[in-house]
Amino acid sequence: LTTPKPAMNPTPPFPSTIAAPSLRPVWVMLFALTTAFALSQAYRTVATLMAAPLQADFHLSAQALGLFAGAFHFAFGAMQLFMGIGIDLHGIRRTVLTAFPVAIAGSALSALATSYGMLVAGQVLIGIGCAPAFLVCTVFIARHLPSNRFAAISGLTLSLGGIGMLLTGTPLAWLIEATSWRMGFWVLGGAAALAWLLIYGLVHEPAPPAAMARIMQARLAQPKETLGQAIAKFGALFLLPHTLGIVLLAAVGYASFISLRGLWLGPLLIQRHGFSLVQSGNVALVMSLASLISPPLFGRFDPGPKHRRRWIVGFTLLLAGLFAAFALTHSTLVDVLAPIAIGLLSGYMVLQYSDVRAAYPAAITGRAMAVFTMAMFLGVALMQWLTGIVASVASAHGVEPFTAVLASIAALLVAGALAFTVLPGPPRQANA
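Residues numbered from 1 in each chain as written. Predicted model: local features only at pLDDT ≥ 70, side-chain atom pairs only at ≥ 80, totals over all residues. Heavy atoms only, no water.

A. Geometry of the side chain of T168. Residue placement: T168 occurs in the loop between α9 (163–167) and α10 (170–178). We classify T168 as buried; its relative accessible area is 1%. The residues touching T168, leaving out its near neighbours within four places in the chain, are A42, T45, V46, L49 and R261. (Helix = DSSP H or I, 4+ residues; strand = E, 2+ residues; numbered from the N terminus. Buried < 20%, exposed > 50% of the residue type's maximum accessible area, 1.4 Å probe, protein only. Contact = heavy atoms within 4.5 Å.)

Pasting the structure below:
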């Protein structure tokens, strides 16, 4: 390669875009960011194995347990708007390093909790601290890695981040049985501190590719955006006709997987079939392993913008069918295998990230991803809270609570797929 002759008065703000930089440092930085996402995955799924000891220690009802599990996701989802603004205005590194210590503090508060209120407060703090964990990964991929590999790389990141869910399978079950649920929060807090140190040492803002550099140069030439203007731009996303369908489906897809894996799987196996905590942890571990395999496969076989939305609807309906079958049977074999099948199927949700990326201009990718992620995790919070109410009402009327919970999740998935199909789609999806 020959170096081009410099201009007489060179003033490029992104000089590294002149020659193609090595991607190795970019991959190292993405891995470091993914460690925070992995801890976020672990925190959001602790409730399934902590449910029994927490109910015993604090005398919690199913509704209270649902609120405890949903508090993380409510705080996580509610903060996405502000994290998106932070990423756009202050960068990926500064945003995640500022937020993540709040999760460490929340973990310590949870471990020291002496009341249900302290437990919920700890979950809220953890949710706030983890709020940018996956968003920074998706924005980093969109800005610094090839656009035609966005789905595949996002799927790989989801898979690596899902390792955090392995921690809340058999290892967490063993730790809780050997010590207590409090030690689980101490260990996760220590791991989160190590992840923060890794990001601090390895992550910086690399020069973006040429196309993104031009967008950022144009931004630099404009007056600095105020917080009010940034919030107004988020509001403008909701005025676009295709946003509503995207948001409504986002609110139920991932929520169905996390509500099962992160809340109801352990209690179901323990109460319905007499499994021990470690045995139910083993099932959760295999379900998590299945969910790690799935996203890279779906990312690799992304059909592109022409057929992607049809795939998303079809797999959502298939997932609803699995939950319906799971609800209507009480076989031990089905109750062990159905969660694993749901874990394998859950990877199709990576296609939604590609759909969102293609549905909005590159200049607002960070904000569009923030709105999408906000919808996902507010959906998780609402589904866990709602299914907690469903379980309590079902028990009060003599109905097996897990049947009612799983059937309600299936119905919500069908409603989300219907909204995504009937409501307007994006005018065009030029980017795969």
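What follows picks up the thread again.
B. Local environment of the nonpolar core. In this structure, L33 and F323 are the most contacted members of the largest nonpolar core, which totals 125 residues. Here this core gets 15 residues from one element, more than from any other, and that element is helix α14 (residues 243–273). Once you skip the residues sitting within four places of it in the chain, L33 turns out to touch I92, V96, A133, V136, C137, F140, I199 and V203. (Core = buried A, V, L, I, M, F, W, Y, C linked by side-chain atoms within 4.5 Å.)

C. Looking closely at helix α8 (residues 150–161). Taking 1.5 Å of rise per residue, the 12 residues of α8 would be expected to cover 16 Å, and the 16 Å separating its terminal C-alpha atoms lies within 8% of that figure. For α8, the buried fraction is high: nine of the 12 residues fall into the buried class. The complete set of buried residues in α8 reads F150, A151, I153, S154, G155, T157, L158, S159 and G161. (Expected span 1.5 Å × (residues − 1).)

D. Summary view of the packing of aromatic side chains. Under the defined criterion, the tally for this structure stands at 14 aromatic pairs. A centroid spacing of 5.4 Å and a plane angle of 70° characterise the contact between Y254 and F377, whose relative ring orientation is edge-to-face. Remark: F377 occurs in helix α19 (residues 365–396) and Y254 occurs in helix α14; sequence separation between them is 123 residues. Both residues of the pair, Y254 and F377, belong to the buried class. With centroids separated by 5.0 Å and ring planes inclined at 90°, the aromatic side chains of F298 and F315 adopt a geometry described as edge-to-face. One end of the pair, F298, is in helix α15 (residues 277–300); the other, F315, is in helix α16 (residues 308–328), and 17 residues separate them in sequence. Of the residues examined, F315 reaches a relative accessible area of 21% and is grouped as partly exposed. (Phe/Tyr/Trp six-rings, centres within 6.5 Å; stacked < 30°, edge-to-face > 60°.)

E. Region of interest: the side chain of T316. Structurally, T316 is set in helix α16. According to the relative accessible area criterion, T316 is buried, its value standing at 0%. At a separation of 2.7 Å, a polar atom in the side chain of T316 contacts the main-chain carbonyl oxygen of I312. In terms of polar contacts, T316 uses its side chain to reach the side chain of Y348, at 2.7 Å. Apart from residues no more than four positions distant in its own chain, T316 is found in contact with L249, Y348, L413 and A417. (Polar contact = N/O pair within 3.5 Å; in protein donor to acceptor, adjacent residues only side chain to side chain.)

F. Here's a closer look at unusual backbone geometry. The backbone of H59 sits at a positive phi, close to 55°, despite the residue not being glycine. By the secondary structure assignment, H59 is in the loop between α2 (47–58) and α3 (62–78). Given a relative accessible area of 71%, H59 falls into the exposed group.

G. Seen up close, the packing of α3 against α14. The contact between α3 and α14 brings their axes to 11 Å, and the two run at 130°. Accordingly, the angle class assigned to the pair α3 and α14 is oblique. Our pair here, α3 against α14, has a crossing hand that is right-handed. In contact with A62, L65, G66, A69 and H73 of α3, α14 contributes I258, L263 and W264. (Axes fitted to C-alpha atoms, helices over the stretch in contact; angles between N-to-C directions. Parallel < 35°, antiparallel > 145°, perpendicular 65-115°, else oblique. Left-handed = near helix turned anticlockwise from the far one by under 90°.)

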